[in-house]
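# Observations on chain architecture
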Amino acid sequence: MERITQAIILAAGEGQRLKPFTKLIPKVMLPIAGKPILQYVVETLAKNGVRRIVMVVGYRKEQVQDYFGSGKNFGVEIDYVVQPQQLGTAHALKQAKRLADDRFLVVSGDNILEPGTIAPLVTATSNTMLVRKLEDVSRYGVVILENGLIKEVIESPAKKTSNLVNTGTYVLTKDVFDFIGDEVRLTAVIQGMITHGYDIFAQETTEGWLDAAYPWDVLTLNELILNKISSSIGGNIEEGVTVKGLVSIGDGTLIRSNCYIVGPVVIGENCEIGPGVCIFPYTSIGRSVVISPFSIVRNSTIGDNVNIGPGSSIQDSVIAPGAIIGSHFATRSGEATVLVEGEYHRVKMGAIIGNYSDLGDNVIIEPGVIIGNNCRIKAMKVISENIPDGGLVV
Amino acid sequence: MCGIVGYIGYREAQPILLESLKKLEYRGYDSCGIAILGSVARNDGLEGVPANRIQLCKDVGRVVDFEKTIPKIQGGTGIGHTRWATHGKVSAANAHPHTDCGCKIAVVHNGIIENFQKLREALIKEGHLFTSETDTEVIAHLVEKYYRGNLVEAVSRALADVTGTYAIVVLAEGHKEIVVAKQESPLIIGIGDKENFVASDVSAVLDYTDRVIYLEDGDIGVVSDRDITITNNGQKVNRDAQIVLWSAQEAQKAGYEHFMLKEIHEQPKAVENTLRGHISFIDPMARLDMGKMGVLKDILMVACGTSYHAALIGEYILGKLCHVPIRVKTASEFNHYEMALDKTWVLGITQSGETNDTLRALKKAKLLGCPTMAITNVQGSSITRIADQVFYTQSGPEIGVAATKTFTAQLATLYLLALSLAPIDILDIREYKKLIGEMKSLPSKIHQVLDGEERIAKHGRGLAKFDNAFFIGRGVSYPVAMEGALKLKEISYIHAEAYPAGELKHGPFALLRSNTPVVAIAARDDTYEAMITSIKEIKARGPQVIAIAEEGDEDIGQFVDVVIPIPRIDPLLSPFLNSVALQLLAYYAAKERGCPIDLPANLAKSVTVP
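Remember, it's a predicted structure, so these values are computed and weren't measured experimentally.

A separate point is the overall build of chain A. Broken down by element type, chain A carries seven helices and 40 strands. For chain A, whose C-alpha radius of gyration is 22 Å, the value lies close to the compact-globule estimate of 21 Å for 394 residues. Viewed in the frame of its principal axes, chain A has a C-alpha envelope of about 65 × 40 × 35 Å. The proportion of buried residues among the 394 residues of chain A is 52%. Sequence separation of 24 or more characterises 50% of the internal contacts of chain A that already satisfy a separation of 6 or more.

What follows is the structure, given as structure tokens:
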């Protein structure tokens, strides 16, 4: 049987749990190391020879279409279909019915898949689900196997019945559309197919697969990607700058004297950094970012157009585009309990800062605090609780 | 103002010509046509008789409608045209291409032949039969008159008789080449592999190639599928191919309903790219290369339309930061004025680089011995060959007829100019650094205005039911009001007038009714108090008032009906944000009224005729 050459990418989702980042951009456009997550998905597909793509778009679809266009610049051909309301994965897939081949791949646009992860699927001849062993399965649907076939998919399992999770990546035949009906979740549709006697094969992968569900996942994804970058130094590096390890610096960027940069680090175009700024591993810096003298950044991602004042210390943190930060800003890093959409999570991290927030001089943020979009925090404040969008701290 | 295209190569010419014409519709779209050397395909499935005759199709209307009505023509050499009528009404007969008496030579033309009336009468006396009222048709007959088997020679002799402006492409039976010529109207040749393209503008050929030759005035070129030979004044010249940095994708709508909306959304990027490399924050500095402009004594800016409004905002900013006299004149008026100019820096602003009035104004300034500068978005355009110093706005191609992203990018360039000419020694360095910091934050501040799109859309739709509107501003916000009114006029057809807020009571008050909404731009600078006073005076006469005001402005809400909040920014930079809000307001008003937003009635993108 021929290799699969078509993929349907589900890229319509809003990403509620990824707020504040997804207030203004769709989840799939969340930048990791200078590229949106969806671009990694497209590149992985292209590397596996899957070059015909149907992209299901919805929430802020223009941003996706504007970025990817016809797909020509990414070596693929993209057709777009719109899911006007983001009801669920099966509902999204249904929108692509008229363009679907007899056999096609289904992938989530918000999961980073390494090329090897997909490789065994493109030769699959029948309905197949990609599964992966995980230590912590609480976030995912787990699957129970029987003779290499999926027997059952259990969403949000109450107790740990299996350590295999559904990666949301499938090979499906056109028959799936007969089972969607009004069902909105794809796992329920798969369950329906099993009940009607369809064989759904399980293909296990041990290769890289990461899902962005919560704001701090950005740092894990960032680390995975940065480990694979290649060095390239553009821009203008002044004398006396030390650069070690894998470091990529964009055109038009100015690194002033006495900066000390240890890769893996990605710095975008048109930034101004230093003098005397230290940047340590697993840091991604966007376009047109200013990092003022004597600041230190470690294991963090900093979005486009962010301006950081002198003497700041930032670690294990995610700063969204457009944030303006005064001098002597500090994020503390450590174990923290974080509240997201009514659920508590135990994570080790620094701060999350939303788009365009404006932080005064000498602001300190306690571990695990999420500052929303467009917040204003006056100078000399210690922030130990989440601040909602538009919040003002005086 | 028209768009012209040509193709010669191994592919079928028809689809390429039609696609290219669609890209040029911003230059005119009242009628269109194509001529292809070949044969009409038979629709009975049989092989047609191969022929190399000129097959001519032309009609009134848009290319999309035209292409549905015409037969399939087989042939790999052809020319096409999309028209914005200047000489002769809109009719199928006046649509291009135009042919000679025997329909063996076909011509498409952009520009104006000034002596066509005399030439036409002489040709009629010689027995030539004219079928249209256009100036262009004389070229076809002149080429016929001089044709002795050598097409390029006939074209050269024909053009020697002609005075005026032109970009032409000529197709003739029995020739494996097309002939092109340029005089003061834009023309480019796109270089392909075993094929070549000709067009008024690079956007028409971006789908096929990124290598282009920009022709210069007086150039006559012979283009075949493999060769391009260019002569100027009888001498063979070498014109280097340039790589176009714009991509075809930039010239597509990409999911947006209109080019205008897409281009409004591209403004953060356009401003960022324009500022790029010119400002530094940590060691505060703005720099534009002034080349050999000499000593700065005073500046005169000349521009038309939206570019004129950018110039007026520039007048305020340059005046404030540079401490030299600044003047602004509408380019078409400058050409009628005697102005005192003594080594005055004259700055022409034109998006396309082809605006005829601005080109003429700059040429006049040059004759008067003034150093000249230009701000334009199009590399290789005519103005770049006139001005001593050229600054490019990095907006990418703008397709919507109503200028948006090129306007804010022009502003960015003007602010850069002001900051780089500012005498830093007499400015407060902390103020200067703060301003540079705010400049750097412009892209994300513009993003924030766009994030409030839904709210602005609601008020834009609210404006749709009115027939008249006023826009008021003070200080730097007055030209912003003018631009807001222009945007509303040109795309929604709502009659809009801009006034300095203080002038309204000197006459226009008589027009204020409950059905004349007033849009007030209330920047938080030293004009604010006076603006509030004006708003109160207006409210007392009944109109609905929409205020564009800084977010967190709690006061203004008491005096007006609607507040559109704009992110906090130094009031000097407020024109960027206020303009974007006004563009969205106009866009949604026009959309609610069902107007053809990207191609408004009677307008073409750049006006290349006097």
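Looking now at the overall build of chain B. Regarding its fold elements, chain B presents 18 helices and 27 strands. Taking 2.2 N^0.38 as the reference for a compact globule, 610 residues should give roughly 25 Å; the C-alpha atoms of chain B span a radius of gyration of 26 Å, in line with that estimate. Along the longest, intermediate and shortest principal axes, the C-alpha atoms of chain B span 80 × 55 × 45 Å. A buried classification covers 56% of the 610 residues belonging to chain B. Across chain B, contacts joining residues at least 24 apart in sequence account for 73% of those joining residues at least 6 apart.

Taken residue by residue, the interface counts 22 residues in chain A and 20 residues in chain B. Among the elements that line the side of chain A that touches chain B, the one with the most residues is helix α2 (residues 61-68) of chain A, at four residues. Taken together, the residues that form the side of chain A that touches chain B break down as seven nonpolar, eleven polar and four charged.

Residue and element names in this part refer to chain A. Once the domains are mapped, chain A shows domain 1 (6-213) and domain 2 (226-393). Tallying the contact residues gives nine residues for domain 1 and 16 residues for domain 2. Of the residues in the side of domain 1 that touches domain 2, the class split is five nonpolar, two polar and two charged.

So, on to the sheet that holds strand β23 (residues 468-473) of chain B. All names here are of chain B. In space, the five strands of this open sheet follow the order β24-β23-β25-β26-β27, with parallel pairing throughout. Each edge of the open sheet carries a strand with a single partner, namely β24 (495-500) and β27 (562-566). Taking each pair of neighbouring strands and ignoring which way they run, the sheet shows an average axis angle of 20 degrees. Pairing of strand β26 (residues 545-550) with β27, which is carried by five bridges, proceeds in the parallel orientation. Bridge assignment links alanine 547 to a residue of β27, and that residue is valine 563. Docked against the sheet, helix α15 (residues 453-463) engages β23, β26 and β27, running at close to 140 degrees with respect to β27. Docked against the sheet, helix α17 (residues 528-539) engages β23, β25 (518-522) and β26, running at close to 165 degrees with respect to β25.

All names here are of chain B. In the contact formed by helix α14 (residues 442-451) and helix α18 (residues 574-592), the axes pass within 9 Å of each other and the chain directions differ by 30 degrees. Classified by the interaxial angle, the pair formed by α14 and α18 is roughly parallel. With respect to the hand of their crossing, α14 and α18 are arranged in right-handed fashion. When α14 is examined against α18, the residues Leu442, Lys445, Ile446, Val449 and Leu450 are found in contact with a partner set consisting of Phe576, Leu577, Val580 and Ala581. Of the residues in the contact of α14 with α18, the class split is eight nonpolar, no polar and one charged.

When cut into domains, chain B gives domain 1 (2-250), domain 2 (253-440) and domain 3 (453-610). Put simply, the middle of domain 1 of chain B and the middle of domain 3 of chain B, counted by C-alpha atoms, are 43 Å apart.

Cut-offs and rules
- Residue positions within a chain follow its written sequence, with the count starting from 1.
- Chain letters and ligand numbers both follow the written order, the letters beginning at A and the numbers at 1.
- Reporting in this predicted model follows two pLDDT cut-offs: at least 70 for local features of residues, and 80 or more for side-chain atom pairs to be given and counted; totals over whole chains, interfaces and linings ignore these cut-offs and use all residues.
- A helix here means a DSSP run of H or I that spans at least four residues, while a strand means a run of E at least two residues long, and both kinds are numbered starting from the N terminus.
- Just to be clear, the radius of gyration here is over C-alpha atoms, and the globule rule we use is 2.2 Å times residues to the power 0.38.
- In this scheme every C-beta is placed from the backbone, and a residue whose C-beta has 20 or more other C-beta atoms within 10 Å is buried, one with 12 or fewer is exposed, and one in between is partly exposed.
- Contact between two residues is assigned whenever their backbone-derived C-beta positions fall within 7 Å.
- Asp, Glu, Lys and Arg are counted as charged, while Ala, Val, Leu, Ile, Met, Phe, Trp, Tyr, Cys and Pro are counted as nonpolar; the rest, among them Gly, fall into the polar class.
- All the domain ranges listed were derived from an automatic or database domain assignment.
- At least two DSSP bridges between two strands are required for those strands to pair.
- For helices, the axis comes from a line fit to the C-alpha atoms of the stretch in contact; other axes are also lines fit to C-alpha atoms, and the angle between any two N-to-C directions lies between 0 and 180 degrees.
- When describing relative orientation, an angle under 35 degrees is termed roughly parallel and one over 145 degrees roughly antiparallel, while 65 to 115 degrees is termed roughly perpendicular and anything else oblique.
- The handedness criterion is simple: a crossing whose near helix is rotated anticlockwise from the far helix by less than a right angle is left-handed, and one whose near helix is rotated clockwise is right-handed.

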